[in-house]
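Descriptive structure summary
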Amino acid sequence: MFSAFANPARFMAFSAGAAPALFVGALILFATGIPWALFYSPADYQMGDTARIMYVHVPAAWWSMGVYAFMTGASFVSLVWRHVLADVAARAAAPVGAVFAAICLITGSLWGAPTWGTWWEWDGRMTSMLVLFITYLGYLALWAAVEDEEKAARLAAILCLVGAINLPIVKFSVDWWSTLHQPASIMRSGGSAIHPEMLGPLLTMAGAYLLLFGALTLMNMRSAIHRRRVENARLRGAQA
């Protein structure tokens, strides 16, 4: 599969149709999930309507980690196999993941204020998520700071792999330490603790986030490839 998309021309042909299809799919799921979550799902028996923030917060948290895992895989492929588009994919995904992490932190604070009586607490889950967001920013800053793209790609890939150590900390922090944040409610032994009427819109919103990530990443990759082609054409023109 890697070799199939190592050719930028082949990738551009594929992504020309895939990106808009994913974007349309994301819009459909958002158009379904948002009213389902806001108007048709039941209120939480303890937190009432405040719990509706979870339909934005939880998918953002899931996919902020999922995007970073994707970047980690792409960075590993870039360092080991020198895949032509691996570093492009990791760099294209980073701003999307950073926005998801920011949404997670902001909505988490909005949810925490009425629920816990505080906007922020330096517990394991919130602190490790903040570290993830800062790692995203550091990754993007490194790309912007180093002019040599090959060197920037190598350094960014190393940073990404080192930062991946934080992913299991984010995931298992609620199990390892005493924390305000509730433990896992879906991916846990014994099955989901969320009522099916709430789980449906939650998974729909998670699917919308996933398709949006795919669409934006492909669009960012296409933009990067176009930019490189223009720069290469300009260099060839200057040399001629």
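Here, the structure is the one placed above.
Fair warning: this is a prediction, and the values are worked out from it, not measured in the lab. (Residues numbered from 1 in each chain as written. Predicted model: local features only at pLDDT ≥ 70, side-chain atom pairs only at ≥ 80, totals over all residues. Heavy atoms only, no water.)

Looking only at helices and strands, one finds seven helices and zero strands in the protein chain. Its helices and strands in sequence order give the protein chain the pattern α-α-α-α-α-α-α, from N to C terminus. Burial analysis of the protein chain (240 residues in total) assigns 43% to the buried set. Here the analysis covers contacts within the protein chain between residues at least 6 apart in sequence; of these, 76% occur between residues at least 24 apart. Accessible surface for the protein chain amounts to roughly 12700 Å². Of this, 68% is attributable to carbon and sulfur atoms. When the 15 positive and 12 negative side-chain charges of the protein chain are each reduced to one mean point, those points stand 12 Å apart. (Helix = DSSP H or I, 4+ residues; strand = E, 2+ residues; numbered from the N terminus. Buried < 20%, exposed > 50% of the residue type's maximum accessible area, 1.4 Å probe, protein only. Contact = heavy atoms within 4.5 Å. Areas by Shrake-Rupley, 256 points an atom, 1.4 Å probe, with all protein chains shown as cover. Lys, Arg positive; Asp, Glu negative; His and termini not counted. Charge placed at Lys NZ, Arg CZ, Asp CG, Glu CD.)

Let us look at the pattern of salt bridges. Tallied over the full model, the rule gives six salt bridges. Between Glu 149 and Arg 91 there is a salt bridge; the shortest N-O distance is 3.9 Å. Of the two residues, Glu 149 is situated in helix α5 (residues 149-163) and Arg 91 in helix α3 (residues 86-116); the sequence distance between them amounts to 58 residues. For Glu 149, a relative accessible area of 25% puts it in the partly exposed group. Linking Arg 227 and Glu 149 is a salt bridge whose minimum nitrogen-to-oxygen distance equals 3.1 Å. Within this pair, whereas Arg 227 is found in helix α7 (residues 196-239), its partner Glu 149 is found in helix α5, the two being separated by 78 residues in sequence. (Salt bridge = Lys/Arg side-chain N within 4 Å of Asp/Glu carboxyl O.)

Notably, Arg 82 is not glycine yet its phi reads approximately 55 degrees, a positive angle. Looking at the secondary structure, you find Arg 82 in the loop between α2 (54-81) and α3.

Taking 1.5 Å per residue as the helical rise, α2 with its 28 residues ought to reach 40 Å, and the 39 Å between its terminal C-alpha atoms agrees with that figure. Once α2 ends, the next one or two residues include Arg 82, with phi positive near 55 degrees. (Expected span 1.5 Å × (residues − 1).)

Tracing the chain through its elements places Asp 44 in the loop between α1 (8-40) and α2. Here the side chain of Asp 44 touches Gln 46 through a polar contact of 2.9 Å, landing on its backbone nitrogen. Residues within four places of Asp 44 in sequence aside, it is in contact with Ala 51 and Met 198. (Polar contact = N/O pair within 3.5 Å; in protein donor to acceptor, adjacent residues only side chain to side chain.)

Next up on the list: the nonpolar core. Among the nonpolar cores identified, the biggest contains 48 residues, and Tyr 68, Met 71, Tyr 136 and Tyr 139 are the most heavily contacted of them. Secondary-structure elements contributing two or more residues to this core are α1, α2, α3, α4 (124-145), α5, α6 (166-176) and α7. In this structure Met 71 touches Ala 90, Ala 93, Ala 94, Tyr 136, Tyr 139 and Cys 160, once residues within four positions along its chain are discounted. Core analysis: the second largest hydrophobic core is formed by 12 residues, Leu 85, Val 88, Ala 92 and Met 221 among them. (Core = buried A, V, L, I, M, F, W, Y, C linked by side-chain atoms within 4.5 Å.)

This part takes up the packing of aromatic side chains. For the structure shown, the criterion picks out eight aromatic pairs. Ring centres of Tyr 68 and Tyr 136 lie 5.4 Å apart, and the angle between their planes is 80 degrees; this geometry places the pair in the edge-to-face category. Here Tyr 68, found in helix α2, pairs with Tyr 136, found in helix α4; they are 68 residues apart in sequence, far enough to count as distant. Ring plane angle 85 degrees and centroid distance 5.8 Å describe the contact between Trp 176 and Trp 177, whose orientation is recorded as edge-to-face. An aromatic cluster of at least three residues, connected via ring pairs, comprises Phe 30, Phe 100 and Tyr 209. (Phe/Tyr/Trp six-rings, centres within 6.5 Å; stacked < 30°, edge-to-face > 60°.)

Among the secondary structure elements, Asp 87 is positioned in helix α3. Judged by its relative accessible area of 12%, Asp 87 falls in the buried class. Ignoring anything within four residues of it in the chain, the contact list for Asp 87 reads Ser 78, Trp 143, Ala 153 and Arg 228.

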